[in-house]
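Each chain is listed here by its residues.
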Amino acid sequence: MSALAANVSALCRPRPAGRNILTLAHRELREATRSKRFILYSVAFAALGLAVSLVSASVGGGSGLAGFGRTTAGLINIVLLVVPLMALSAGAGAIASDRERGMLAYLLAQPVSRLEVLLGKYLGQAGALAASIALGLGSCAVILAWKGAATSPSSVAWLAGLSLALALGMLSLGMLVSVLSRKVSVAVGIAVFLWLALVFISDLGLMAGAVALRLRIEELFALSLLNPLQVFKMWSLHAAEATLDVLGPAGLYATEEYGQRLHLIFGACMLAWIVVPLAAAGAVFSRRSPT
Amino acid sequence: MIRIEGVTKRFGRAAALDHVSLELQAGDSVALWGANGAGKTTLIRCVLGLLRYEGRIEVGGHDATRHGKAARLLVGYVPQELGFQDDLRVAEAVAFFARLRGITRPDVRGSLAAVGLDPHRGKRVRELSGGMKQRLALAIALLGDPPVLVLDEVTASLDAVGRDEFVALLKQLSGGGRTVLFASHRLEEVSILAGRVAVLDHGRLVRTVSRDEFLAEQRPRLFRSLGREAAGTAEAGCTAPGGPPSFTARSCREASL
């Protein structure tokens, strides 16, 4: 008993949060990168990116639509479709699947806090998404360099960075869905619906809203900032040193009104999409039963 | 070591726990006894800080909610069924939970050997039988030699032979002054592991009695359930001359609330 009694005082200092988060992130990264879903999405993303790169490189000429590379334009569209789906479904499964398997309660019965578990899972999934994006866009960059295409490495790097920012925002949203759902099937279903809404309905909604409500151009631009996919699209085009004219009057207004400050505006919007849903997920997770 | 004061837990309007108070000193072994839905598992989840509740729970002086990490560091927990990332190998699983407990150089093989799992350390968790998974959970629970062991109907998913072996292993490893809180509705486990029994009924702590008193009370129920012939066998096993009433594993195996 004396050894156990000594243990009470020896065990009174829990492990620092940062180390627990890294341990949990490592486990989550390993589990995520071994999942069939991750492999499927990564292969699909890389294959589509390679197809766009090969086609655009074979056509020749780096300069295309509105002055930015047609390869970049093609890759932006692929990122807009694949990355949000990948990140939303990864986030949606992160907590709900552990809850369904009974793993979450067991994990939380260990000397870890709920915030550590949430952040560990978030970082692990983020690492897996970063690997997938790097693999997809990296292979595109290799193909483009091999074909001698005019698209610069820095624009691919920018696109990779912005894709990761979009992925992190969607991952946060997915994790919020996950902590609110008891079953992984429900969580993934909601995630797919959100993806559809963000990809398809928002464009149509903005167009319909602009016509029906006679929105002013600044209101239209402000509304488009509410959709992280629109933010990513505008920011990518802006970063590629293209004019936002291609987006219509709202893009023209944004370029003339804000100029280089657009980087700041887009960055703040994307940061909000990363932080706000994750903070909300943390608040919900700290109160909900893990079973 | 564990202090539970006026704990109430509601799910909607229903009270799963209703002003439950219980205190375990260091070295105590207390069985939570009651029918399904009595509140045993809910109380254990409250002690582990998994559920929010009204009242106060302290483990080793640490509030189970506000200082949950520090409280859980003192607790080894074995659930009813191990829900686990089953593509991990057994040794990796032990190493992972050892890291969470802050054990930088865990004696993985020693931990596994203590529960008879060392020969299976290279297997994936999904390849283990139910009994082996419970042994793995016990090995993980004992990492860092925590002074408190919390067990939640740990033999419920095991067959009769597996139950006997696991309870014997628990008896061997849970002693030495460790505080044990366990939920059970098997007299066999109470007979072997408990020092006291806390009887729960519809979320209320009805009474706390010594194991011997409890087993004496339960004897008529056991006899009724086993029938006359089995009762004779149980009688022989239950009353050792000059000693406390106890139940043989065989006679008690069938007896539960």
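To continue, consider the overall build of chain B. In terms of regular secondary structure, chain B is built from 9 helices and 10 strands. The buried share of chain B, reckoned over its 257 residues, is 54%. Carbon and sulfur atoms provide 46% of the accessible area of chain B, an area that totals close to 10,600 Å².

Next up on the list: the overall build of chain A. From N to C terminus, chain A includes 12 helices and 0 strands. The helix and strand sequence of chain A, counted from the amino end, reads α-α-α-α-α-α-α-α-α-α-α-α. Taken across its 291 residues, chain A has 50% of its residues classed as buried.

For a regular strand, side chains alternate in direction, first toward one face of the sheet and then toward the other. All names here are of chain B. Covered by surrounding structure in strand S6 (residues 75–78) are Val 75 and Tyr 77 together with Gly 76 and Val 78, the residues of both alternating faces. Examined bridge by bridge, S6 and strand S7 (residues 148–152) share 4 bridges and lie parallel to one another. Its bridge partner being in S7, Val 75 is matched across the sheet by Val 148.

Direction vectors running N to C along helix H2 (residues 17–34) of chain A and helix H3 (residues 90–100) of chain B enclose 155 degrees, while the axes themselves pass 9 Å from each other. Overall, the two elements H2 of chain A and H3 of chain B adopt an arrangement that is roughly antiparallel. Counting all contacts with H2 of chain A, which are made through Asn 20, Thr 23, Leu 24, Arg 27 and Arg 30 of chain A, the residues of H3 of chain B involved are Glu 92, Phe 96, Arg 99 and Leu 100 of chain B. Residue composition of the contact of H2 of chain A with H3 of chain B, by class: 3 nonpolar, 2 polar and 4 charged.

Residues and elements named next belong to chain A. Across chain A, the average pLDDT comes to 84, with 87% of residues at 70 or higher. Here helix H1 (residues 2–10) is the element of chain A with the lowest mean pLDDT, 53, and helix H12 (residues 262–285) is the one with the highest, 94. Segment residues 62–68 is flagged for pLDDT under 50; beyond a separation of four residues in sequence, or across chains, it makes 14 contacts in the model.

Evaluation of the coordinates by the stated rule reveals 27 salt bridges over all chains. A single salt-bridge network, built from bridges that share partners, covers Arg 27, Glu 28, Glu 31, Asp 98, Arg 101 and Lys 121 of chain A.

The subject of this paragraph is the nonpolar core. Judged by nonpolar contacts, the single largest core of 151 residues is most densely connected at Phe 97, Leu 136 and Leu 138 of chain B. With 16 residues, the single largest contributor to this core is helix H4 (residues 70–101) of chain A. Dropping the residues within four chain positions of it, Phe 97 of chain B is found in contact with Met 103, Tyr 106, Leu 107 and Gln 110 of chain A together with Phe 84, Ile 140 and Leu 143 of chain B.

Turning next to a nonpolar patch on the surface. A cluster of nonpolar side chains, contributed by Leu 81, Val 192, Leu 196, Phe 200 and Ile 201 of chain A, occupies part of the molecular surface with about 410 Å² of accessible area. With 4 residues, the top contributor of residues to the nonpolar patch is helix H8 (residues 184–212) of chain A.

Here we take up the pairing of strand S9 (residues 196–201) of chain B. All names here are of chain B. Here 4 bridges tie strand S3 (residues 29–33) to S9, and the two strands are oriented parallel to one another. Bridged to Leu 32 within S9 is Ala 198. Bridge count between S9 and strand S10 (residues 204–210): 6 bridges; the pairing is antiparallel. From the neighbouring strand, Arg 196 faces S10, where its bridge partner is Ser 210. In this structure, the hairpin formed by S9 and S10 is closed by a connection of 2 residues, where His 202 is found at a positive phi of approximately 50 degrees.

This next bit is on the sheet that holds S7 of chain B. All names here are of chain B. Taken together, the 6 strands give an open sheet; going across it, the order is S6-S7-S8-S3-S9-S10, and neighbouring strands pair in mixed fashion. At either margin of the open sheet sits one strand with a lone partner, and together these are S6 and S10. Between one strand and the next, the sheet's axes are offset by a mean angle of 15 degrees, whatever the strand orientation. Taken strand by strand, helix H5 (residues 130–141) contacts S6 and S7, and its axis lies near 175 degrees from that of S6.

Residues and elements named next belong to chain A. Compared with an ideal rise of 1.5 Å per residue, which puts 32 residues at 46 Å, H4 spans 46 Å between its outermost C-alpha atoms and is within 8% of the ideal. In H4, a bend of some 35 degrees at Ala 94 exceeds every other bend along the element. The element H4 is extensively covered by neighbouring structure, given that 26 of its 32 residues are classed as buried. Trailing H4 by a residue or two, Gly 102 shows a phi angle of about 80 degrees, which is positive.

This paragraph deals with the packing of aromatic side chains. Counted by the stated rule, this structure contains 7 aromatic pairs over all chains. Ring centres 6.4 Å apart and planes at 65 degrees place the aromatic pair Trp 158 of chain A and Trp 235 of chain A in the edge-to-face group. With a gap of 77 residues between them, Trp 158 of chain A in helix H7 (residues 153–180) and Trp 235 of chain A in helix H10 (residues 228–239) connect regions that are remote in the sequence. Three or more aromatic residues joined by ring pairs form one cluster here, namely Tyr 106 of chain A together with Tyr 77, Phe 96 and Phe 97 of chain B.

Next up on the list: helix H1 (residues 40–47) of chain B. All names here are of chain B. Across the 8 residues that make up H1, a large majority, 6, are buried. Every buried residue of H1 is accounted for by Lys 40, Thr 42, Leu 43, Ile 44, Cys 46 and Val 47. Gly 49 occupies a position one or two residues after H1 and carries a positive phi of about 75 degrees.

Each side of the interface is counted separately: chain A has 38 residues, and chain B has 39 residues. With both chains or domains summed, chain A and chain B bury close to 3,400 Å², and 62% of this area falls on carbon and sulfur atoms. Linking chain A to chain B there are 3 salt bridges. A salt bridge links Arg 30 of chain A to Glu 92 of chain B, with the nearest nitrogen and oxygen atoms 3.1 Å apart. Summed over the shared surface of chain A and chain B, the number is 6 residue pairs in polar contact (both at pLDDT 80 or more). Contributing elements (two or more residues each) for the side of chain A that touches chain B: H1, H2, helix H5 (103–108) and helix H6 (114–147) of chain A. In terms of residues, the side of chain A that touches chain B owes the most to one element, H2 of chain A, which gives 9 residues. Here the side of chain A that touches chain B is composed, by residue class, of 18 nonpolar, 9 polar and 11 charged.

This part covers the sheet that holds strand S4 (residues 54–59) of chain B. Hydrogen bonding along the main chain pairs the strands of a sheet, whether they run parallel or antiparallel. Residues and elements named next belong to chain B. Sheet architecture is open: 4 strands sit in the order S2-S1-S4-S5, paired in antiparallel fashion. The open sheet has two edge strands, strand S2 (14–24) and strand S5 (62–63), and neither has a second partner. Relative to S4, strand S1 (residues 2–11) is paired through 5 bridges, and the arrangement is antiparallel. Within S4, the residue paired with Ile 4 across the bridge is Ile 57.

Quick notes on the rules
- Residues numbered from 1 in each chain as written.
- Chains lettered and ligands numbered in written order.
- Predicted model: local features only at pLDDT ≥ 70, side-chain atom pairs only at ≥ 80, totals over all residues.
- Heavy atoms only, no water.
- Helix = DSSP H or I, 4+ residues; strand = E, 2+ residues; numbered from the N terminus.
- Buried < 20%, exposed > 50% of the residue type's maximum accessible area, 1.4 Å probe, protein only.
- Areas by Shrake-Rupley, 256 points an atom, 1.4 Å probe, with all protein chains shown as cover.
- Pairing = 2+ DSSP bridges.
- Axes fitted to C-alpha atoms, helices over the stretch in contact; angles between N-to-C directions.
- Parallel < 35°, antiparallel > 145°, perpendicular 65-115°, else oblique.
- Contact = heavy atoms within 4.5 Å.
- Nonpolar A, V, L, I, M, F, W, Y, C, P; charged D, E, K, R; others polar.
- pLDDT = per-residue confidence, 0-100.
- Salt bridge = Lys/Arg side-chain N within 4 Å of Asp/Glu carboxyl O.
- Core = buried A, V, L, I, M, F, W, Y, C linked by side-chain atoms within 4.5 Å.
- Patch = residues over 30% accessible without salt bridge, like charges linked within 9 Å, V, L, I, M, F, W, Y side chains within 5 Å.
- Expected span 1.5 Å × (residues − 1).
- Bend = angle between axes of the 7 residues up to and from the residue.
- Phe/Tyr/Trp six-rings, centres within 6.5 Å; stacked < 30°, edge-to-face > 60°.
- Buried area = accessible area lost by both parts, 1.4 Å probe.
- Polar contact = N/O pair within 3.5 Å; in protein donor to acceptor, adjacent residues only side chain to side chain.

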